[in-house]
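# Summary of the model geometry
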Amino acid sequence: MPKTIAVVSIKGGVGKTTTCINLAAYTAAMGVKVLLLDLDPQNGCLYGMGLEVRPGHSLKDAILNQVSPEKTLTSTNRPELNVLLNGFFETGEELEAFQAAFEKDAHLLDTLLTTLTREGDFTPDLILIDCPAGVSALTINALVTSDSVILPMQCEPLSLRTLPQMLRSVASVKSRYNPRLVVEGVLTTMFDPRQEAKFGVAQQVWTDFPEDMVFETVIPRHDQLVESFAIGAPAIDISARSVGSQAYIQLGRELIMRLPEEQG
Ligand code: ADP
Ligand code: MG
């Protein structure tokens, strides 16, 4: 059974997609078989990894066009890493139908991933789900199928204020649908010493949350992470020694240590 982790936040632009791409690339480089699932119709994983949607190879095709989920994967330069891209919506109605399918069935993604891992040749050890911002039916579906959540928190006041709501949503899904769901960790992102001196947001997280609920790794604000996203490759593939890449490598190590023995 793979370990499934949803990367979630209420606020957009906090580093969910950047975290997913770099964690997926690093853990795959370490030999973990990873499925990166882009649940966000913004298709951030596609751009950030420099991929293309081949006809029929997207989550949209599995949900709306009845393509078998195990046939929808996109391969990458690493055999250990496959991506289930979100797909492009030709019309507003198509996107509404996609979202409505998840609204109708909170277990839709769970069923799809069960089929994918049971029927496909690719049997992942780790599934990372890149969620859209907010708590729509898409995110609820991700929480229903996940073992844990990573909560990226941009080190600025608004992001901190939205964290309690996200935690309440996680607790609500846990009690209604998925008792095994736990918090893998709050991840402080875009850490900037000048902002921290002004607002003390990271400090507040470290004092407010128990140690085992916050990743030790702090992701700094670093332009190279933006640049590699624009180029369309994980930062660790462009310059593994940069400050941003090193932070994600450290985070990847933290995560691998938490995987069951045979996967880590
Ligand atoms: P989300 O998926 O939460 O919306 P993204 O990962 O897409 O967030 O990041 C939003 C923007 O911030 C992108 O332009 C990305 O390149 C940039 N970014 C992400 N992490 C960092 C960081 N640590 N330092 C600087 N820029 C970052
Ligand atoms: Mg994103």
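Every value quoted in this text rests on a predicted model; they were computed, and no experiment measured them.

Calculation criteria
- Residues numbered from 1 in each chain as written.
- Chains lettered and ligands numbered in written order.
- Predicted model: local features only at pLDDT ≥ 70, side-chain atom pairs only at ≥ 80, totals over all residues.
- Heavy atoms only, no water.
- Pairing = 2+ DSSP bridges.
- Helix = DSSP H or I, 4+ residues; strand = E, 2+ residues; numbered from the N terminus.
- Contact = heavy atoms within 4.5 Å.
- Axes fitted to C-alpha atoms, helices over the stretch in contact; angles between N-to-C directions.
- Parallel < 35°, antiparallel > 145°, perpendicular 65-115°, else oblique.
- Left-handed = near helix turned anticlockwise from the far one by under 90°.
- Nonpolar A, V, L, I, M, F, W, Y, C, P; charged D, E, K, R; others polar.
- Salt bridge = Lys/Arg side-chain N within 4 Å of Asp/Glu carboxyl O.
- Disulfide = S-S within 2.5 Å.

### Considering the sheet that holds strand S3 (residues 74-75)
A sheet is described by the order of its strands in space; here seven strands give the open sequence S3-S4-S2-S5-S1-S6-S7, paired in mixed fashion. The outermost strands of the open sheet, each flanked by one partner alone, are S3 and strand S7 (182-189). Sheet topology places strand S1 (residues 3-7) next to strand S5 (residues 126-130); five bridges connect them, and they run parallel. Counterpart to Thr-4 in the pairing with S5 is Ile-127. Contacts from helix H1 (residues 16-29) reach S1, strand S2 (34-38), strand S4 (81-84), S5, strand S6 (148-154) and S7 within the one sheet, and its direction differs from that of S5 by about 160°. Where helix H7 (residues 157-176) meets the sheet, its contacts fall on S6 and S7, and the angle it forms with S6 comes to roughly 170°.

### Structural notes on the packing of H1 against helix H12 (residues 243-258)
Here H1 crosses H12 at 65°, and the two axes come no closer than 9 Å. Taken together, H1 and H12 sit at an angle that is classed as roughly perpendicular. Pair H1 / H12 crosses with right-handed handedness. Packed against H1, whose contacting residues are Thr-18, Thr-19, Asn-22, Leu-23, Tyr-26 and Thr-27, the element H12 presents Tyr-248, Ile-249, Leu-251, Gly-252, Arg-253, Leu-255 and Ile-256 at the interface. Across the contact of H1 with H12, the residue classes tally to seven nonpolar, five polar and one charged.

### Overview of the pattern of salt bridges
The tally for this structure, following the rule as stated, stands at eight salt bridges. When the shortest N-O distance is used, the salt bridge between Arg-180 and Asp-147 registers 2.6 Å. Of this pair, Arg-180 sits in the loop between H7 and S7 while Asp-147 sits in the loop between helix H6 (137-145) and S6, and the two are 33 residues apart along the sequence. Where Arg-258 meets Glu-184, a salt bridge forms, and the shortest distance between an N and an O atom there is 3.1 Å.

### Brief notes about the state of the cysteines
By definition, a disulfide links the sulfur atoms of two cysteine residues through a covalent bond. Going through the model one piece at a time under the given rule, you end up with zero disulfides. Counting only cysteine sulfurs, Cys-45 is the nearest neighbor of Cys-20, a cysteine outside any disulfide, at a range of 5.7 Å. Cys-155 carries a free sulfur, and the closest cysteine sulfur to it, the one in Cys-20, is 18 Å from it.

These figures capture arrangement, not role.
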